[in-house]
Amino acid sequence: MAKPRVAIVAGLRTPFCKQASAYQDMTALDLGRIVVRELLERSGVPPHAVQQLVFGQVVPSVNAPNIAREIVLGTELPRDIEAYSVSRACATSYQAAACVAEAIEVGQIDCGIAGGADSASVVPITVTRRLQKALLLASKARSVPERLKAFQGLSPADLLPEPPSPTEPSTGLTMGESAEKMAKENRISRADQDAIAHRSHSRAAAAWADGRFGEEVTPVYVPPKYDVVVEDNVIRRDSDPASYGKLKPAFDRRHGTITAGNSSPLTDGAAAVLLMSEEKARAEGLEVLGTIRSFAFAALDPDGQMLMGPAYATPKALDRAGVTLKDLTLVDMHEAFAAQVLSNLQAFSSRTFAEEQLGRAAPLGEVDMDRFNVSGGSIAIGHPFAATGARQLTQTLRELKRRGGGLALCTACAAGGLGSAFVLEAA
């Protein structure tokens, strides 16, 4: 039997806001609940029609480790809906969408919600291992002297809090250092990186100015005063090409080319998509944004070029969809760093990369930049890790419909040497 086609019926996100700004007192769960509640309201799909919710976050939450289940319990969704959380670093909401899509394809469900949320403002702050051990011993002590003895030998340094580590456990490098490594090895110039950043900001600013983003972003009312946030607050609406060259390198101070200007910022936000079998959506008279033609994930050794995931996942997704790069109307690639974007585009068109890394006789080809990240990307819009994939899916399908249809690729790199790619078809 043929698998049912999976349709994306609706998609929505919050405005994306820079760390420690508008959402500094809101958790990922707060943002996730807001976007799911509003997504249902706008879609017209009754809560009882949703049979599964898969959601993720990358920055862990101590108080709500299963964000998916807590979203169900904190919204109008029936409490008996199956819900579970996933994490695939920056491809987390791609993974969530894949999980729901697979459940629809095998007939387990015919309607589900996928998405992700992250807060770079509300993060778990831990203590040192020596202090952890002392606190544990003290909690088991039966007398005051025993409790005091548990803390003997601790130094002042042992009492300092420890923020989440920004480094990859396997490589010891931060994402920025990995991007710097790629820029050097692929000979990506500072000028080209800054040009990508300026392009991203200019196009995102235009998307807000002409109303494109207004259709896919819900206002957020921030307690306790309920100030309203209606737009992303990272975008440079007066982006000036000359200003990027004035910024100092962030990771390699002497010879580096990665700066705050050509990198995605730490960001808070949430995004979600509503998926259904296309047959059910049509029967219910619902508008369909588009369908998922195929998807693929990839992994590579992070000791190499860690952020090359799109170059490995995209060929798989295109093959599964039975299309080539030339068949695509749009290409949307997550912009972790401009150097990562340019490195992947370089690999797409490289015969050497195709032969040596992919075992393919020919490269994917050159990407037409008039069809690439046409409404800006993560450098300008922001990057709440778990929300970016769902943001890309919604943004790209809406743009396809505005252009009269066609096929599109959405792809992202992710920490740990991971990558994802989805081929979408406008309804």
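In what follows, the structure referred to is the one given above.
Nothing here was measured: the structure is a model prediction, and the numbers come from that model.

Draft legend 1. Looking closely at the packing of helix H3 (residues 92-105) against helix H14 (residues 388-402). It is at 5 Å that the axes of H3 and H14 come closest, and there the two elements cross at 70°. With respect to each other, H3 and H14 are oriented roughly perpendicular. Together, Ser93, Tyr94 and Ala97 of H3 and Thr388, Gly389, Ala390, Gln392 and Leu393 of H14 make up the contact between the two elements. In terms of residue class, the contact of H3 with H14 is built from four nonpolar, four polar and no charged.

Draft legend 2. Fine view of the side chain of threonine 218. Looking at where threonine 218 falls in the secondary structure, it is placed in the loop between helix H7 (190-209) and strand S6 (220-222). Judged by relative accessible area, which is 3%, threonine 218 ranks as buried. The contact partners of threonine 218, leaving out residues within four places of it in the chain, are Leu12, Arg13, Thr14, Pro15, Glu38, Arg42 and Val229.

Draft legend 3. Local environment of the nonpolar core. In terms of nonpolar packing, the biggest core is built from 94 residues, with Leu275, Ile292, Leu393 and Phe422 touching the most fellow members. In this structure leucine 393 touches Ile8, Tyr94, Ala97, Val273, Cys410, Phe422 and Leu424, once residues within four positions along its chain are discounted. With 41 residues, the next largest nonpolar core counts Ala28, Val36, Val50 and Ala83 among its residues.

Draft legend 4. Region of the structure containing the packing of aromatic side chains. Throughout the structure, instances matching the rule amount to six aromatic pairs. Plain terms: the ring middles of tyrosine 94 and phenylalanine 422 are 5.2 Å apart, the flat faces sit at 35° to each other, and that makes the pair tilted. Of this pair, tyrosine 94 sits in helix H3 while phenylalanine 422 is found in strand S12 (residues 418-426), placing the two residues 328 residues apart along the sequence. A residue is classified by how much of its surface remains accessible, and tyrosine 94, at 0% relative accessible area, is buried. Taken together, a centroid distance of 5.6 Å and an interplanar angle of 85° make the contact between tryptophan 208 and phenylalanine 213 edge-to-face. The exposure classification of tryptophan 208 matches that of phenylalanine 213, with both residues buried. Three or more aromatic residues link up through ring pairs in this structure, and these residues are Tyr94, Phe295, Phe297 and Phe422. Against the face of phenylalanine 213 rests arginine 13, its NZ or CZ located 5.4 Å from the ring centre. Lying over the aromatic face of phenylalanine 297, arginine 88 brings its terminal NZ or CZ to 4.0 Å of the ring centre.

Draft legend 5. Quick look at a nonpolar patch on the surface. On the surface, a cluster of nonpolar side chains totalling about 430 Å² of accessible area is made up of Tyr221, Tyr226, Val228 and Val230. Note on placement: valine 230 falls in the loop between strand S7 (227-229) and helix H8 (241-244).

Reading the values: the criteria
- Residues numbered from 1 in each chain as written.
- Predicted model: local features only at pLDDT ≥ 70, side-chain atom pairs only at ≥ 80, totals over all residues.
- Heavy atoms only, no water.
- Axes fitted to C-alpha atoms, helices over the stretch in contact; angles between N-to-C directions.
- Helix = DSSP H or I, 4+ residues; strand = E, 2+ residues; numbered from the N terminus.
- Parallel < 35°, antiparallel > 145°, perpendicular 65-115°, else oblique.
- Contact = heavy atoms within 4.5 Å.
- Nonpolar A, V, L, I, M, F, W, Y, C, P; charged D, E, K, R; others polar.
- Buried < 20%, exposed > 50% of the residue type's maximum accessible area, 1.4 Å probe, protein only.
- Core = buried A, V, L, I, M, F, W, Y, C linked by side-chain atoms within 4.5 Å.
- Phe/Tyr/Trp six-rings, centres within 6.5 Å; stacked < 30°, edge-to-face > 60°.
- Lys NZ or Arg CZ within 6 Å of the ring centre and 35° of its normal.
- Patch = residues over 30% accessible without salt bridge, like charges linked within 9 Å, V, L, I, M, F, W, Y side chains within 5 Å.
- Areas by Shrake-Rupley, 256 points an atom, 1.4 Å probe, with all protein chains shown as cover.
- Salt bridge = Lys/Arg side-chain N within 4 Å of Asp/Glu carboxyl O.

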